[in-house]
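Architecture at a glance
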Amino acid sequence: MANFTLNINGKKQQVDVDPATPVLWVLRDHLNLVGTKYGCGIAVCGSCTIHVGGVAMRSCMLPVSQIGSQEITTIEGLSENGDHPVQKAWLEHDVAQCGYCQTGQIMNAAALLKASPHPSDEEIEGAMNGNICRCGTYVRIKAAIKTASAR
Amino acid sequence: MTAIKSTLDRRTFLRNSILAGGGMVIGINWLTGCKNVSGDAALTMPKEWFDINAYLKIGDNGVVTIFTPNPEFGQNVMTSMPMIVAEELDCDWKNVVVEMAKHDPEKFPNAMFGQFTGGSRGIMSKWEPLRNAGAAARHMLREAAAQAWQVPMDEITTEAGVLFHKNSGKKAGYGEMASAAANIPVPEKPVLKDVKDFKIIGHSQKNVDGKKIVTGKPMFGLDYKVDGMLIAMIAQPPAFGMKLKSFDGSAAKAMPGIKDVFSIKTYNDGYEKAGFDTNAFPELVAIVGDSTWEVMQAKKALRVEWEPFSTYTETVSAWGNTRKVSVPAGLENSTDHFAKMEALAAKPGKVVRRNGDPEAAFKKAAKVIERSYSCPHLAHNCMEPMNFFADVKGDKVKVAGPLQAPGFIEPTLSARLGIPAENIDIEMTRMGGGFGRRAYSHYMVEAALISQKVNAPVKLMYTREDDMTNGIYRPAYHATYRAALDENNNLIAFHVKAGGIPETPLAADRFPAGAIDNYLAEEWSAESNITIGAFRAPRSNFIAGAEQSFLDELAEAMGKDPIEFRLELLKRAQENPVGDRNDYDAARYAGVLELVREKSNWANPPAGVSRGVAAYFCHASYAAHVLDLTIENGKPVVQKVTSAIDCGIVVNPDAATNMTEGAVTDGIGNALYGEMTFKAGAAEKTNFDKYRMIRMSEAPKAIDVHFVKNEIAPTGMGEPPFPPIFGALANALYKATGKRVYQQPFLGDRAMLG
C-alpha cells in the first residue's frame, strides 16, 4: 500500500492503495466516482475512458502510481452541470439506450473535439473505434459529435 | 392544503388497485427520481403525497410520480411506460417524475408479465394496465373536483394536469385535488381516450434517465454501494463439462484485503429447477475482500482443481411441465458441433407441419434448389458484466442489481436460502444491457449465498472473462431449405429442416408456411452441456436470416424481383391461406415490405451500391429492411439501411427509432463477426480482444426508420427489427460479390471478404 495525492476534477484527493491499482478502481471503489465504467479490464472497450492531462486514456490498465501530478478529469468533472457541449449534444440526440458505455464515449468524444474541433467522419470513426456500444447507438453518437463540433 | 395520505386501508387499496388493472406501489428507490426533461431545475415531490393508485402518486404541488413496473435495459420502458400513464392521466409530461418500482408480485402479479422485461412483451403486456391506471386516476380527480364544486362529474374536463368546469369558470390543478381523489373509490372500467386524442403517446419524449447517463450518476448495479460492503468474485470451471474437485484458498486468503475464500452451491441437492434456472456452473469458489482490485489479485492466487463430470439428469419444471433433462458429460468442440449438425441435418427430422403432398411435389419437380445455413453460438456480452448486491441478515434478504425477471428468480432464491419470498426485497437497477442474458439471474443467488456466509453486505461482480465464459449463449443452429419448381418456374413445394445444439430454431407456422400448397417442416436437436438461453429474438435471430436468404435465391431462380416474389406469396397467404395454424397476418407482413419498397426507392437504387431486402415477423410485429452496401478494400461498408416496422401504435417514436437503429447495427455486427467457439469445453473467446464486436467504423453510415401508422395496440419492438437484418445483409453481400454466404459469421476474424 502507498499514499497517493491525486488531482481529480480540480480537487486534491488522497488514497492509500496498492500502487498497481488501476485508476478505474481507485475512482470507483475509493473515491465514489462511479461514472467511469468497467467493461473489459484490458483497455479494448473504452468504457473506462478518462482524461489524463487532457488526453483520453483507458483507466482500467493505468496504474495509479503512474499518474503523479497529472490532472485527471472524469465524467463527473467534465462540466459543472452536465452542460459540456458533448453532453448537451448527447441529450439532444437522445443517444443512449442502456447508457452504460456512454460516459466513456462522451469522454473520448470530448477529447477528440478538443484536439480536433471539426473532425471529418473518418476522424470521428478513427477516434471512436475503441469504444464499444453493445446497443449499437453508433449512428447517434456520430451525429451528436457533429452537433457538438458545430458549437 | 393539508397533506393526508390515503385513508383506504391496505387491503381495500390493493383490491381497488387490482380492479384498476394494476397494483399499488409506494416507496422510494435508492436511486432518486428522474426528471423527464433535462436542463431545467429538478422537479421534486413534496414530503407528503397522495397515492392515487397502482402506478402513480401526486404531490400537492402538482408533481406526478409515475412508477415504471418493468426494469430498464435500454429499450426505453422507463420513459415509454410512464408516458402511457401520463397520457390517460392527462397531465403535463413536464411535471412527471419517474421512478423504478421495486419487485412486488402482490402488486404486479404474474411472474411472466408482472415485471419481466423480455420477449418484447413490456409495452405489449402493460398497455392496458398502464392506460387503466392513468385513466382511473383521472376519473378520481374529476370526481373529487365534482364533489368539491358540487357540479356533475361529466362537466369536468381536464388538460395538462388541470381540472376545469367551464360553466362556472372553476379550475384546479391536480395537486389541489389529489388528497380528495385518493379517497374516491377506484373505478372498475375507467373511460380511455381515443387514440386520435393522444398528446403524449406517439410524440417523442426524451429518455428520463438521459441527464443521469451523460453525467455518470450511480444507476447501474455495479455502481451500488452501502457502508461496510465487501466485494466478491467467483472462480468457475474453465470448461463446460467440468466441476469443482477441490480448492486451496490459503494463498489467496493471505493476500491484502481478503476476508474469505470458500465454495458455494447455487442449488440445494435434488432441487427442481425452474425454466430460467439455467446454469452450467452450480458450484463455485467465492473470493471476498475489501476492494475490487484486491479481490481480482487474490483470484489469480487461488488454487483450484476441476474435474470432468459424468452425465447427470436434472429436473426442470416450467410452465406447468416437469421434465428430466440430461446434461451430457464431455468436453465439447465447435468443430464437432458443426459436424454433428450436418450429420443430423442429413437424417429425417421430426415432422412438425405438413401441407399437401410435399414428397410427391418434389418428385415431379423440374428443378429442386437446396441450400443449408448455419450459425455459431453467441455470447450476449452486455457491457455491464453480471453482478448483484446482497445483504442477508438472518431471515431478511435485501438484494439489488441488474435483472430482467425478478419474478423468475425470487422463488429460486427463496428455496435456496429457506427464507420466505415476503422477506426478500428485490431492487432493480438500470441494466447495462440485457439482450436476454439477465433473465437468468443465478448470479443474484450467488451474491446472497456469499453475503450469508460472510455475514455482511456484498457486491458480487463477474469479470469480463467470467461473464463471457459463463454460458447461456445463443445456440448454434443449422437449417436446410429445399424448394421444388415446375417446368414453368412455379414454386410447387417448400421444405425446411432445422435444428441446433441443443434446440431447434424452427417456427413451422410462420411465413412462407400458409403461402405454399405443399409444405413440410421438420426439426431435430442434439444435447449439449453448454448452456443456452434467450438472446435477442431467440431462434428468429438465426432462422430469419436463413429463410430470407433462401427466398432471395429462390426469387432469382424464378426470375422475380425479391420484394414482388414475397408479396405474391403473401397475397396467396392472405386470400387463400394453406392450413389454419399460420401465426402471422399476411396483410401486415406485406405492409412493411410495401413501405420499405417505397421509402428505399427500391426501383432506383443509388449508383454503385448493392442492395438486399429481407423481412420477418416475430414478437407479434413485422419488420423489413433494405440494406445498401459497397465493398471498399475488400470490406463491406453499409451505406444505408431503410427500415419499415409495424409494431402497432408507437409510444415513443424517437426511442423506437433508436431501438431499430440499434437492432440493425447489432444484427450487422453479429452477422459479420459474432461467434463464440469452444475447444475441449472451454469458451475460446474470453474478452473483447478475441470476441469481435461491431465498432463505429463498421456501423451503417445511415439508418432511415419508418413506422406503419395504425391504431393497433402496441406489439413487440425491441426484438422484431433484429432478425431480418441478417438476411438483408446476406442478400446485399451476394449482389456485391456474386457469392452467397451460408455460414455466420460472414467475416469472423478476417479483415476482408473472400
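Residues numbered from 1 in each chain as written. Chains lettered and ligands numbered in written order. Predicted model: local features only at pLDDT ≥ 70, side-chain atom pairs only at ≥ 80, totals over all residues. Heavy atoms only, no water.

1. Some words on the overall build of chain A
- Regarding its fold elements, chain A presents five helices and five strands.
- Counted from the first residue to the last, chain A has its helices and strands arranged as β-β-α-β-β-β-α-α-α-α.
- With the C-alpha coordinates aligned to their principal axes, the bounding extent of chain A is approximately 45 × 25 × 25 Å.
- Restricting the contact set of chain A to residue pairs at least 6 apart, pairs at least 24 apart contribute 54%.
- In the form shown here, chain A has an accessible surface area of approximately 5400 Å², with 49% of it arising from carbon and sulfur atoms.
- Side-chain charges in chain A split into 12 positive and 13 negative, and the spacing between the mean points of these groups amounts to 3 Å. (Helix = DSSP H or I, 4+ residues; strand = E, 2+ residues; numbered from the N terminus. Contact = heavy atoms within 4.5 Å. Areas by Shrake-Rupley, 256 points an atom, 1.4 Å probe, with all protein chains shown as cover. Lys, Arg positive; Asp, Glu negative; His and termini not counted. Charge placed at Lys NZ, Arg CZ, Asp CG, Glu CD.)

2. Considerations on the packing of aromatic side chains
- Here the structure, examined in full by the defined rule, presents 31 aromatic pairs over all chains.
- Ring plane angle 45° and centroid distance 5.3 Å describe the contact between A:Trp25 and A:Tyr38, whose orientation is recorded as tilted. Pair noted here: A:Trp25 is in helix 1 (residues 23–30) and A:Tyr38 is in the loop between helix 1 and strand 3 (49–52), with a separation of 13 residues, a long-range link. Summarising the burial analysis for this pair, A:Trp25 and A:Tyr38 share the class buried.
- Taken together through their ring pairs, the aromatic side chains of B:Tyr373, B:Tyr481, B:Phe494, B:Tyr519, B:Phe550 and B:Tyr742 make up a single cluster.
- Across the ring face of B:Phe435, the terminal group of A:Arg134 is positioned such that the distance to the ring centre comes to 3.9 Å.
- Of note, B:Arg740 hangs over the ring of B:Tyr734, and the distance from its end group to the ring centre comes to 3.7 Å. (Phe/Tyr/Trp six-rings, centres within 6.5 Å; stacked < 30°, edge-to-face > 60°. Buried < 20%, exposed > 50% of the residue type's maximum accessible area, 1.4 Å probe, protein only. Lys NZ or Arg CZ within 6 Å of the ring centre and 35° of its normal.)

3. Side note on the sheet that holds strand 25 (residues 518–525) of chain B
Residues and elements named next belong to chain B.
- Sheet architecture is open: five strands sit in the order 17-25-24-23-18, paired in mixed fashion. Two strands bound the open sheet, and with one partner strand each, they are strand 17 (350–355) and strand 18 (367–375). The sheet shows a mean angle of 10° between the axes of neighbouring strands, taken without regard to direction.
- Its contacts with the sheet put helix 13 (residues 540–557) on strand 18, strand 23 (476–485) and strand 24 (491–501), and the angle it makes with strand 23 is roughly 25°. (Pairing = 2+ DSSP bridges. Axes fitted to C-alpha atoms, helices over the stretch in contact; angles between N-to-C directions.)

4. Considering the nonpolar core
- Residues A:Trp90, B:Ile450, B:Leu627, B:Ile668 and B:Leu729 are the most contacted members of the largest nonpolar core, which totals 199 residues.
- Examining the composition of this core, we find that twelve residues originate from one element, helix 3 (residues 122–149) of chain B, more than from any other.
- If we skip the residues at most four places from it in the chain, A:Trp90 touches A:Val95, A:Gln102, A:Gln105, A:Ile106, A:Ala109, A:Ile141, A:Ala144, A:Ile145 and B:Val214.
- The next biggest cluster of nonpolar side chains, apart from the first, holds 54 residues, and it includes B:Leu506, B:Leu554, B:Leu567 and B:Phe617. (Core = buried A, V, L, I, M, F, W, Y, C linked by side-chain atoms within 4.5 Å.)

5. Let's talk about helix 4 (residues 121–128) of chain A
Residue and element names in this part refer to chain A.
- Within helix 4, the full set of buried residues consists of Ile124, Glu125 and Met128. Buried residues along helix 4 cover an arc of 95° about the axis, so they all sit on one side. Residues Glu122 and Gly126 are exposed on helix 4 and point more than 90 degrees away from its buried face.
- Looking at the packing, one finds that the buried side of helix 4 touches helix 3 (102–115) and helix 5 (138–149). (Arc of directions from axis to C-beta.)

6. Notes on the domain arrangement of chain B
Residue and element names in this part refer to chain B.
- Per the domain assignment, the segments making up chain B are domain 1 (10–209), domain 2 (227–313 + 382–468) and domain 3 (476–737).
- With 21 residues of domain 1 at the interface, the matching set in domain 3 holds 19 residues.
- Together domain 1 and domain 3 conceal approximately 1300 Å² of surface at their shared face, both sides included; 66% is due to carbon and sulfur atoms.
- Among the residues domain 1 hides against domain 3, the three largest losses belong to Ser120, Met124 and Trp127. Together they make up 35% of the total.
- Along the contact surface separating domain 1 from domain 3 lie zero salt bridges. (Domains from an automatic or database assignment. Buried area = accessible area lost by both parts, 1.4 Å probe. Salt bridge = Lys/Arg side-chain N within 4 Å of Asp/Glu carboxyl O.)

7. A word on the pattern of salt bridges
Residues and elements named next belong to chain B.
- Summed over all chains, the structure comprises 53 salt bridges over all chains.
- A salt bridge links Arg430 to Asp209, with the shortest nitrogen-to-oxygen separation between them at 2.8 Å. Taken together, the residues span a long stretch of sequence, with Arg430 in the loop between strand 21 (424–428) and helix 11 (442–454) and Asp209 in the loop between helix 4 (174–181) and helix 5 (210–215) at a distance of 221 residues. Exposure class is identical for Arg430 and Asp209. Each is buried.

8. Description of the interface of chain B and chain A
- The interface of chain B with chain A comprises 59 residues on the first partner and 55 residues on the second.
- Taken together, the two surfaces of chain B and chain A that pack against each other cover about 4700 Å², and 57% of this comes from carbon and sulfur.
- Among the residues chain B hides against chain A, the three largest losses belong to B:Trp293, B:Met383 and B:Met696. Together they make up 19% of the total.
- There are six salt bridges connecting chain B and chain A.
- Here B:Glu661 ties to A:Arg140 by a salt bridge, and the two come within 2.7 Å at their closest N and O atoms.

9. Focus on empty space enclosed by the protein
- Applying the stated criterion to the full structure yields nine cavities of 30 Å³ or more.
- There is about 130 Å³ of room inside the largest cavity.
- Along the wall of the largest cavity there are 17 residues; nearest its centre are A:Arg134, B:Asp666, B:Asn670, B:Met693 and B:Ile694.
- Element by element, the count of residues in the lining of the largest cavity is highest for helix 16 (residues 653–672) of chain B, at four residues.
- A per-class count over the lining of the largest cavity returns seven nonpolar, seven polar and three charged.
- The volume enclosed by the second largest cavity comes to roughly 90 Å³.
- Among the elements that make up the lining of the second largest cavity, the one with the highest residue count is helix 16 of chain B (four residues). (1 Å grid on protein atoms, 1.4 Å probe; cavity = no way out; pocket = protein on both sides within 12 Å on 5 of 7 lines; lining within 4 Å. Points joined across faces, edges and corners; volume = space filled by probe spheres on them. Nonpolar A, V, L, I, M, F, W, Y, C, P; charged D, E, K, R; others polar.)

10. What about the domain arrangement of chain A?
Residue and element names in this part refer to chain A.
- What the domain assignment reports for chain A is domain 1 (2–77) and domain 2 (85–149).
- When each unit is reduced to the centre of its C-alpha atoms, the spacing between domain 1 and domain 2 is 21 Å.
- The interface is formed by 16 residues belonging to domain 1 together with 14 residues belonging to domain 2.
- At the boundary of domain 1 and domain 2, one finds zero salt bridges.
- Along the contact surface separating domain 1 from domain 2 lie eight residue pairs in polar contact (both at pLDDT 80 or more).
- If you list the elements that add at least two residues to the side of domain 1 that touches domain 2, you get strand 3 and strand 4 (55–58).
- Considering every element that reaches the side of domain 1 that touches domain 2, the biggest residue donor is strand 3, with three residues.
- For the side of domain 1 that touches domain 2, the class distribution of residues is six nonpolar, eight polar and two charged. (Polar contact = N/O pair within 3.5 Å; in protein donor to acceptor, adjacent residues only side chain to side chain.)

11. Comments concerning the packing of helix 2 (residues 85–92) of chain A against helix 3 of chain A
Residues and elements named next belong to chain A.
- Relative to each other, helix 2 and helix 3 sit at 130°, their axes nearing to 9 Å. Comparing their axes, helix 3 and helix 2 come out oblique. Crossing geometry of helix 2 relative to helix 3 is assigned as right-handed. From helix 2, Val86, Gln87 and Trp90 reach across to helix 3, where they touch Gln102, Gln105, Ile106, Ala109, Ala110 and Leu113.
- Considering only residue class, the contact of helix 2 with helix 3 consists of six nonpolar, three polar and no charged. (Parallel < 35°, antiparallel > 145°, perpendicular 65-115°, else oblique. Left-handed = near helix turned anticlockwise from the far one by under 90°.)

12. Quick notes on the environment of B:Ile123
- Relative to the helices and strands, B:Ile123 is located in helix 3.
- Sequence separation of B:Ile123 and B:Ala713 is 590 residues, and the distance between their C-alpha atoms is 9.4 Å.

13. Regarding unusual backbone geometry
Residues and elements named next belong to chain B.
- Here the residue pair Ile501 and Pro502 is connected by a cis peptide bond, since its omega of 5° sits within 30 degrees of zero.
- The topology assignment puts Pro502 in the loop between strand 24 and strand 25.
- Of note, Ser120 is a non-glycine position whose phi angle comes to about 55°, a positive value.
- By secondary structure assignment, the location of Ser120 is in the loop between strand 5 (96–100) and helix 3.
- The phi torsion at Ala680 lies on the positive side, around 50°, for a residue other than glycine.

14. Points about the confidence of the model for chain B
- Across chain B, pLDDT averages 92, with 92% of residues at or above 70.
- Counted against residues more than four places away or in other chains, residues 1–41 of chain B, with its pLDDT under 50, gives 105 contacts. (pLDDT = per-residue confidence, 0-100.)

15. Some thoughts on the packing of helix 3 of chain A against helix 5 of chain A
Residue and element names in this part refer to chain A.
- Where helix 3 meets helix 5, the axes come as close as 11 Å, and the angle between the chain directions of the two elements is 40°. It follows from the interaxial angle that helix 3 and helix 5 lie oblique. Crossing of helix 3 over helix 5 shows right-handed handedness. For the pair helix 3 and helix 5, the contacting residues are Gln102, Gln105, Ala109, Leu112 and Leu113 in the first and Ile141, Ile145, Ala148 and Ser149 in the second.
- Of the residues assigned to the contact of helix 3 with helix 5, the class counts are six nonpolar, three polar and no charged.

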